Amino acid sequence: MSLTDPAPRALRLELALEAGLTMPDTGAIAVFHPRAGELLSPLPHARVAVVTPHAPDHAAFAAQGYACTQAPQGPYAAVLVCLPRGRAEGRDLIARAAALTTGPVIVDGQKTDGADAMLKDLRARVDLSEAIAKGHGKIAWFPSPGAALADWCAEPGQVEGWQTLPGTFSADGIDPASGLLAQALPAGLKGVVADLGAGWGYLAGRLLDKAPGIAALHLIESDARALACARHNVTDPRAVFHWADATQPVPRLVLDAVIMNPPFHTGREARPQLGAAFIAAAAAMLKSSGQLFLVANRHLPYETALAAHFRRHEELPGLPGFKLFVAEGPLRAKAAAAPRGGSRVNHSKGRRA
């Protein structure tokens, strides 16, 4: 699945280099949090170090021959920060970039992700260049002030005793959809279970607390930062952690049940196909008797994907803004090509407490 960011970052970087941005002649040039599909061609390929906690992006750039790490290592000759949507996360990246280089810190982002506000904040703190605008985004740079931006570094937060981190999903509070699904999950679940897009571990932790019959619960999460929080939050020995793209089946993992509150955004762009890919991955890993438990915003059209990948699915009582589904009978690839519409779970036969 392509998670390409359409932002013309490479074009803005080329314009910056033409306008006076000077890169050091030697040393690694870090690129913090680029997205799969972006071009880094204005930078010397052999010197680029891609830093991203996101498994799909890490895999995409590694496949192109770039050196990749989950977290900054440094020191770097220069750093390009690809601004994320969140202000606290963006500040954290900029502060860490400044502390890890004596060269230029380059900041690039879309206006819809708050680039204007971030550059305004920076101008009050550092010797920032004039911004170059192109493609609904802006790029600017400044000589590193070392640790002078240390107050922008993000620290782990707490949500009702759960550790979170800015930039991770629902970092400021328990997501209401996840809370709804946690209440609905049956205490009688047994065997091997997976939480696709496990985040910082809320759903997995709640399920392990209420379902003693579970033998193992696999937390599959593409954001290494969220997974690190999940390791802190979920200490039950039955928990198994995977840094992996949840839109793809984990090889050789055979499951009795899957739970999920899948994402449906990349930045500000709605991508309901992400959730559909989660559903397909769940079907590929489930036993023929396996069950899927899914919560989603009510406007998302997941019924089509459920019908394409499961023999039966049923909507359970939810809330005005959210809907709950249980699905059974995963269809394998050949069968899924011809979905059976209108099938429903016989809820009285479902393994629910």
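For the structure itself, consult the block above.
Let me begin by describing the structure that accompanies this report. All of these numbers come straight from a predicted model, not from anything done at the bench.

### Regarding the pattern of salt bridges
Consideration 1: Per the stated rule, a full pass over the model turns up 16 salt bridges.
Consideration 2: Measuring nitrogen to oxygen at the nearest pair gives 2.8 Å for the salt bridge that ties Glu38 to Arg9. Pair noted here: Glu38 is in the loop between strand E1 (29-32) and strand E2 (48-51) and Arg9 is in helix H1 (residues 9-18), with a separation of 29 residues, a long-range link. Like Arg9, Glu38 is buried.
Consideration 3: As a salt-bridge pair, Arg225 and Asp223 come within 2.8 Å of each other at their nearest N and O atoms.
Consideration 4: Judged by its relative accessible area of 16%, Arg225 falls in the buried class.
Consideration 5: Its relative accessible area of 5% is what places Asp223 among the buried residues.
Consideration 6: Three or more residues joined by partner-sharing salt bridges are found here, namely Arg9, Arg12, Glu38 and Asp108.

### Considering unusual backbone geometry
Consideration 1: Of note, the amide linkage connecting Gly74 to Pro75 takes the cis form, showing an omega dihedral of -5°.
Consideration 2: Within the secondary structure, Pro75 sits in the loop between strand E3 (67-69) and strand E4 (78-82).
Consideration 3: The backbone of His33 shows a phi angle near 60°, a positive value even though the residue is not glycine.
Consideration 4: Summarising the element assignment, His33 is placed in the loop between E1 and E2.
Consideration 5: One non-glycine residue with positive phi stands out, namely Arg252, at about 65°.
Consideration 6: Mapping Arg252 onto the fold places it in the loop between strand E12 (239-243) and strand E13 (255-260).

### Some words on the sheet that holds E4
Consideration 1: With mixed pairing, seven strands are arranged side by side in an open sheet as E3-E2-E1-E4-E5-E7-E6. Where the open sheet ends on each side, the last strands, each with one partner, are E3 and strand E6 (132-134). Going across the sheet, the axis of each strand differs from the next one's by a mean of 20°, ignoring polarity.
Consideration 2: In this structure, E1 lies alongside E2, joined through four bridges in parallel fashion. Residue Ala30 lies in a different strand from E2, and its bridge partner there is Ala49.

### A few points about the packing of helix H5 (residues 176-184) against helix H6 (residues 202-210)
Angle between the axes and distance between the axes are the two parameters that describe a pair of packed helices.
Consideration 1: With their axes 10 Å apart at the nearest point, H5 and H6 run at an angle of 15° to one another. Taken together, H5 and H6 sit at an angle that is classed as roughly parallel. In this structure, H5 meets H6 at a crossing whose hand is right-handed. In this structure, H5 contributes Ser178, Gly179, Leu181, Ala182 and Gln183 to the contact, and H6 contributes Tyr202, Leu203, Arg206 and Lys210.
Consideration 2: Broken down by class, the residue content of the contact of H5 with H6 amounts to four nonpolar, three polar and two charged.

### Considering the packing of aromatic side chains
Consideration 1: Counted according to the given criterion, the structure contains five aromatic pairs.
Consideration 2: An angle of 50° between the planes, with centres 5.9 Å apart, marks the rings of Trp162 and Trp200 as tilted. One end of the pair, Trp162, is in strand E9 (residues 162-164); the other, Trp200, is in the loop between strand E10 (191-196) and H6, and 38 residues separate them in sequence. Across this residue pair, the class does not change: Trp162 and Trp200 are buried.
Consideration 3: Site record: aromatic cluster; members linked through ring pairs are Trp162, Trp200 and Tyr202.

### Comments concerning the environment of His45
Consideration 1: The residue His45 is located in the loop between E1 and E2 in this model.
Consideration 2: A C-alpha to C-alpha distance of 7.0 Å links His45 and Tyr66, two positions 21 residues apart in sequence.

### What to know about the side chain of Thr52
Consideration 1: Tracing the chain through its elements places Thr52 in the loop between E2 and helix H2 (55-63).
Consideration 2: For Thr52, a relative accessible area of 0% translates into the label buried.
Consideration 3: A distance of 3.1 Å separates a polar atom in the side chain of Thr52 from the backbone nitrogen of His54.
Consideration 4: Apart from residues lying up to four places away in sequence, Thr52 is in contact with His33, Pro34, Asp57, His58, Thr69, Gln70 and Trp243.

### Looking at the pairing of E4
Consideration 1: Most of E4 is tucked away, with five of its five residues classed as buried.
Consideration 2: Residues of E4 alternate between two faces, with Ala78, Leu80 and Cys82 on one and Val79 and Val81 on the opposite face, all of them buried.
Consideration 3: Between E4 and its parallel partner strand E5 (residues 104-110), the chain crosses via helix H3 (residues 87-99), and the hand of that crossover is right-handed.

### Here's the deal with the sheet that holds E13
Consideration 1: Strand order in the open sheet formed by seven strands is E12-E11-E10-E13-E16-E18-E17, with mixed pairing between adjacent strands. Since the sheet does not close on itself, it has two edges, and those belong to E12 and strand E17 (310-319), each with one partner. Neighbour to neighbour, the strand axes of the sheet diverge by 20° on average, direction disregarded.
Consideration 2: Sheet topology places strand E16 (residues 286-297) next to strand E18 (residues 322-330); seven bridges connect them, and they run antiparallel. Following the sheet pairing, Leu292 is matched in E18 by Ala327.
Consideration 3: In the packing of helix H8 (residues 273-285) onto the sheet, the strands contacted are E10, strand E11 (214-221), E13, E16, E17 and E18, and the crossing angle to E16 comes to about 160°.

The rules behind the values
Residues numbered from 1 in each chain as written. Predicted model: local features only at pLDDT ≥ 70, side-chain atom pairs only at ≥ 80, totals over all residues. Heavy atoms only, no water. Salt bridge = Lys/Arg side-chain N within 4 Å of Asp/Glu carboxyl O. Helix = DSSP H or I, 4+ residues; strand = E, 2+ residues; numbered from the N terminus. Buried < 20%, exposed > 50% of the residue type's maximum accessible area, 1.4 Å probe, protein only. Pairing = 2+ DSSP bridges. Axes fitted to C-alpha atoms, helices over the stretch in contact; angles between N-to-C directions. Parallel < 35°, antiparallel > 145°, perpendicular 65-115°, else oblique. Left-handed = near helix turned anticlockwise from the far one by under 90°. Contact = heavy atoms within 4.5 Å. Nonpolar A, V, L, I, M, F, W, Y, C, P; charged D, E, K, R; others polar. Phe/Tyr/Trp six-rings, centres within 6.5 Å; stacked < 30°, edge-to-face > 60°. Polar contact = N/O pair within 3.5 Å; in protein donor to acceptor, adjacent residues only side chain to side chain. Right-handed = clockwise from strand over helix to strand, strands pointing away.

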